[in-house]
Amino acid sequence: MRRAAMAIVLSLLSATGARAQTQVLIVSGLGGAPRYTQEFGDLAQRLAGAMHSRFGLADSNVTWLGERAVAGLPHYAGESTGPNIEAALGKVASKARPGAEVLLVLIGHGSGSGAESKVSLPGPDLTAQDLARLLAPLSGQRVAVVDLASASGDALGVLSAPGRVVIAATKSSFERNESQFGGFFVDALTKDGADTDKDGRVSLLEAFQYAAHETERYYADGNRIQSEHAQLDDDGDGKGTGAPDGRAGDGLLARRFFLDGGERAVVAAANDPKLAALYARRFSLTDSVQALMTRKEKLPAASYEQELERLLVALSRTGHEIRALEGSAKSGGGAS
């Protein structure tokens, strides 16, 4: 009976957008000095390694492109030139099925502003506008772009799109000093400590919150004026927030963006069929909220508010049921 119920839940989840294994492209740019070359290479290598060791992604699903000076590090797959990045994203687009998750991480020195924001690369740089064009074929996938470069804030608005998580290490192109956020973000995905809800997994929202908190603490502990303020946008409006909570607006999608198989893994990990069904319902409701928000400008204000309230109330009730059931299981009173 339990197996039959689980099969039904998984089939329902598949019908409403279950995620295939995540495709990851990591790009580290030119260091310009030995210290930064080593730092960017180490961050990229650690992240690529964690995709295999911590998140169980296949070698074919993870690509790291960096400058030639770090070619000897594990997981290095080629030089981070514009043409190589374009080819890698094209390959990802050809492999990623509809609904699959795609993660692009940029590490390095940032410069430029607005649509011309960019990360320093070997050869001609790719601008935020170039990246937006290269990501356009992935409109049927759930995409996350994590720009860990300095001065990356302006890229957020250019890369923003419905169904896409965009994280920038800074609030604008004027925050040009060396970014600490990138190192803490990589720590969140490669070390323990960022799993705030203690479900054994780290979402992109948890990674962002962890890195933002650690960045703030870095400046406070050193009596420094904070010169970077990371931003997250995932509601497609092109405006980021520095404190997303994952309950409404920015953070809803990042809260559900995992690197170890997406929502299917959450449901499969729920041993109780009732809990699995609740998770599937929560994902479906969150998708509905996201879809509604993208249609806000096309709906009468009263209709939009009424439907949003209905969905958020349903989400809240479902979340309460999940917490109650999980609490019962932890105390030894799980469902039979």
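Since this is a predicted model, take the numbers as computed values, not measurements.

Thresholds, definitions, all that
Residues numbered from 1 in each chain as written. Predicted model: local features only at pLDDT ≥ 70, side-chain atom pairs only at ≥ 80, totals over all residues. Heavy atoms only, no water. Helix = DSSP H or I, 4+ residues; strand = E, 2+ residues; numbered from the N terminus. Buried < 20%, exposed > 50% of the residue type's maximum accessible area, 1.4 Å probe, protein only. Pairing = 2+ DSSP bridges. Contact = heavy atoms within 4.5 Å. Phe/Tyr/Trp six-rings, centres within 6.5 Å; stacked < 30°, edge-to-face > 60°. Lys NZ or Arg CZ within 6 Å of the ring centre and 35° of its normal. Expected span 1.5 Å × (residues − 1). Core = buried A, V, L, I, M, F, W, Y, C linked by side-chain atoms within 4.5 Å. Salt bridge = Lys/Arg side-chain N within 4 Å of Asp/Glu carboxyl O.

J.: For this particular structure, what's the right way to read the environment of Ser94?
T.: Position of Ser94 among the secondary structure elements: in helix α3 (residues 82–95). Along the backbone, Ser94 and Pro137 are 43 residues apart, and their C-alpha atoms lie at a distance of 9.1 Å.

J.: Before we go on, may I ask you to explain the pairing of strand β1 (residues 23–28) in this structure?
T.: The side chains of a regular strand alternate between the sheet's two faces. In terms of burial, β1 is largely enclosed, as 6 of its 6 residues are buried. Neither face of β1 is open: one carries Gln23, Leu25 and Val27, the other Val24, Ile26 and Ser28, and all of them are buried. Of the pairings in the sheet, the one linking β1 to strand β4 (residues 101–107) comprises 6 bridges and is parallel in character. Paired with Ser28 across the two strands is Ile107, which belongs to β4. Looking at chain direction, β1 and strand β2 (residues 62–66) are connected through 4 bridges and run parallel.

J.: Would you mind going over the environment of Leu47 with me for this structure?
T.: Mapped onto the elements, Leu47 comes out in helix α2 (residues 34–53). Separated by 140 residues in sequence, Leu47 and Asp187 have C-alpha atoms that sit 8.6 Å apart. When neighbours within four sequence positions are excluded, Leu47 is seen to be in contact with Ile26, Val105, Val186, Leu189 and Thr190.

J.: Would you take a moment to explain the packing of aromatic side chains for this structure?
T.: By convention here, two paired aromatic rings are described through the distance between centres and the angle between planes. Considering all chains together, one arrives at 5 aromatic pairs under this definition. Residues Trp64 and Tyr76 carry aromatic rings whose centres are separated by 5.4 Å and whose planes lie at 85° to one another, so their mutual orientation is edge-to-face. Separated by 12 residues along the polypeptide, Trp64 in strand β2 and Tyr76 in strand β3 (residues 76–79) bring together distant segments of the chain. Take Trp64: its relative accessible area is 0%, and that puts it in the buried class. Taken together, the aromatic side chains of Phe181, Phe185 and Phe208 make up a single cluster linked through ring pairs. One residue, Arg201, lies across the ring of Phe258, its end atom 3.7 Å from the ring centre.

J.: I'm lost on helix α7 (residues 204–221) in this one. Help?
T.: What sets the pattern is the α-helix's 3.6 residues per turn: residues three or four places apart point alike. With 18 residues, α7 should reach 26 Å at 1.5 Å per residue; the first-to-last C-alpha distance of 25 Å fits that figure. Listed in full, the buried residues belonging to α7 are Leu204, Leu205, Glu206, Ala207, Phe208, Ala211, Ala212, Glu214, Thr215 and Tyr219. Buried-residue contacts for α7 involve β7 (142–147), β8 (164–168), α6 (181–190) and β9 (231–233). Asn223 sits one or two positions beyond α7 and adopts a positive phi of about 55°.

J.: Sorry if this is basic, but what is going on with the nonpolar core here?
T.: Nonpolar side chains in soluble globular proteins tend to end up buried together. In terms of nonpolar packing, the biggest core is built from 45 residues, with Ile26, Met51, Phe181, Phe185 and Leu189 touching the most fellow members. Looking at this core element by element, the count peaks at 8 residues for α2. Not counting the four nearest positions on each side in its chain, Phe181 is found in contact with Leu148, Ile167, Ala169, Phe208, Ala211, Ala212, Thr215, Glu228 and Ala230. Val27, Val92, Ala100 and Val102 belong to the second largest nonpolar core, which has 28 residues in total.

J.: So what exactly am I meant to see when it comes to unusual backbone geometry here?
T.: You will see that Ala151, though not glycine, has its phi angle at about 60°, which is positive. You can see Ala151 is positioned in the loop between β7 and α5 (153–159). Of note in the backbone geometry, Asn223 takes a positive phi value of approximately 55° without being a glycine. Relative to the elements of secondary structure, Asn223 occurs in the loop between α7 and β9. With a relative accessible area of 75%, Asn223 lands in the exposed category.

J.: Help me out: how do you make sense of the pattern of salt bridges in this one?
T.: Proximity of charged atoms lets side chains of opposite charge pair with each other. Under the definition given, this model contains 9 salt bridges. The salt bridge partner of Arg310 is Glu307, with a shortest N-O separation of 2.7 Å. Placement of the pair is Arg310 and Glu307 together in helix α10 (residues 301–330), with a separation of 3 residues, close to one helical turn. What makes Arg310 partly exposed here is its relative accessible area of 48%. For Glu307, a relative accessible area of 28% puts it in the partly exposed group.

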